[in-house]
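Remarks on the overall topology
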Amino acid sequence: MPTLADTMAELESYGKPNYRKIYARHGIGDNLFGVAYSDLKPMAKRIKTDHALALALWDTDNYDARILATMIADPKQATPDMLEHWVTTHDNYGLSDAVSSFAARTPHAKAKAEVWSQQADEWISTSGWNLLGQLALNDKTLPDSYFERYLEQIQREIHGRPNRTRYAMNNVVIAIGTRGPALEGKAIAAATAIGDINIDHGETGCKTPEACSYIRKTVERKGYLVGA
């Protein structure tokens, strides 16, 4: 099994100045090597699952190491305390996305989504809303009615939430709207009531998806329409 020192050395060898500049434009701090995902993914595939190494990588505070940690950690070994540690010790949306993607594969996804989404902190709440979007897309054990209250909350609160939280909430509207015919119309109505969402993407070319048109295009590809 690879050691922490060996893994960090390999990560550093993949670091590229241009990726450090790209990540900086996305709000990533200075503690990183600048490793492309095209290098991280083969590393993760080779390492497979190594929960102890994942925990050690996270505690380096290095961005690339933390992304790799979310790829090789074992969802079955994840504890609520571990997830709390991860969600409260990061400060950028790249890790919010990675942490929530990992948390979605654990038995604690629903509980964490319900708690994290209600927090004031930008990165915790972003992770929570990301998780709710994952549940809307993938958890068919939940009734559609479970998501209706979140549509109502998003409609009430989105404009007053932190920047990246607004982005995640908008994505949840889309996820709920594409869950199935029963929620499509309600999500479109919520998105219409919400209107334009002001999200600062910094010095990047990223754009905020327009929920109504995104929902309609997605459901057309899936082959159903409201009222069909």
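Look above for the structure.
Residues numbered from 1 in each chain as written. Predicted model: local features only at pLDDT ≥ 70, side-chain atom pairs only at ≥ 80, totals over all residues. Heavy atoms only, no water.

Considerations on the side chain of Asp 139
In plain terms, the rule: The helix and strand labels rest on DSSP assignments: H or I over at least four residues marks a helix, E over at least two residues marks a strand, and numbering proceeds from the N terminus. Here the term buried applies to any residue with accessible area under 20% of the maximum for its type, exposed to any over 50%, and partly exposed to those in between, with areas from a 1.4 Å probe on protein chains only. Neither His nor the chain ends is counted toward charge; the positive residues are Lys and Arg and the negative residues Asp and Glu. In the sections that follow, a salt bridge refers to a side-chain nitrogen of Lys or Arg positioned within 4 Å of a carboxyl oxygen of Asp or Glu. Two N or O atoms count as a polar contact when they lie within 3.5 Å, although within protein this holds only if one can serve as hydrogen donor and the other as acceptor, and sequence-adjacent residues are included solely when both atoms are side-chain atoms.
Secondary-structure assignment places Asp 139 in the loop between α9 (122–138) and α10 (145–157). We note that Asp 139 is buried and unpaired, the nearest opposite charge coming from Arg 179 at a distance of 6.0 Å. A polar contact is formed between the side chain of Asp 139 and the side chain of Thr 141, at a distance of 2.4 Å.

What to know about the environment of Leu 40
Our working rule: It only takes one pair of heavy atoms within 4.5 Å for two residues to be counted as in contact.
Inspection of the secondary structure puts Leu 40 in helix α3 (residues 37–47). Not counting the four nearest positions on each side in its chain, Leu 40 is found in contact with Leu 11, Val 35, Asp 64, Ile 67, Leu 68 and Met 71.

Some details on helix α1 (residues 4–14)
As a reminder of what qualifies: Taken from the helix axis, the directions to the C-beta atoms give the arc we talk about.
Among all positions in α1, only Thr 7, Met 8 and Leu 11 are buried. Buried residues of α1, viewed axially, fall in a sector of 95°; they line one side. Of the exposed residues in α1, the ones pointing more than 90 degrees away from its buried face are Ala 5, Glu 12 and Ser 13. Next to the buried residues of α1 lie α3, α4 (51–58) and α5 (63–72).

Focus: the pattern of salt bridges
Following the criterion strictly, the structure yields 10 salt bridges and no others. A salt bridge links Glu 114 to Arg 149; the nearest nitrogen and oxygen atoms lie 3.9 Å apart. Here Arg 149 lies in helix α10 and Glu 114 lies in helix α8 (residues 109–116), a separation of 35 residues in the sequence. Given the relative accessible area of 26%, Glu 114 is considered partly exposed. On the basis of relative accessible area, Arg 149 is assigned to the partly exposed category, the value being 44%. A salt bridge links Glu 157 to Arg 161; the nearest nitrogen and oxygen atoms lie 3.3 Å apart. Salt bridges sharing common partners tie together Lys 110, Glu 114 and Arg 149.

No statement about biological role is implied by the geometric values presented.
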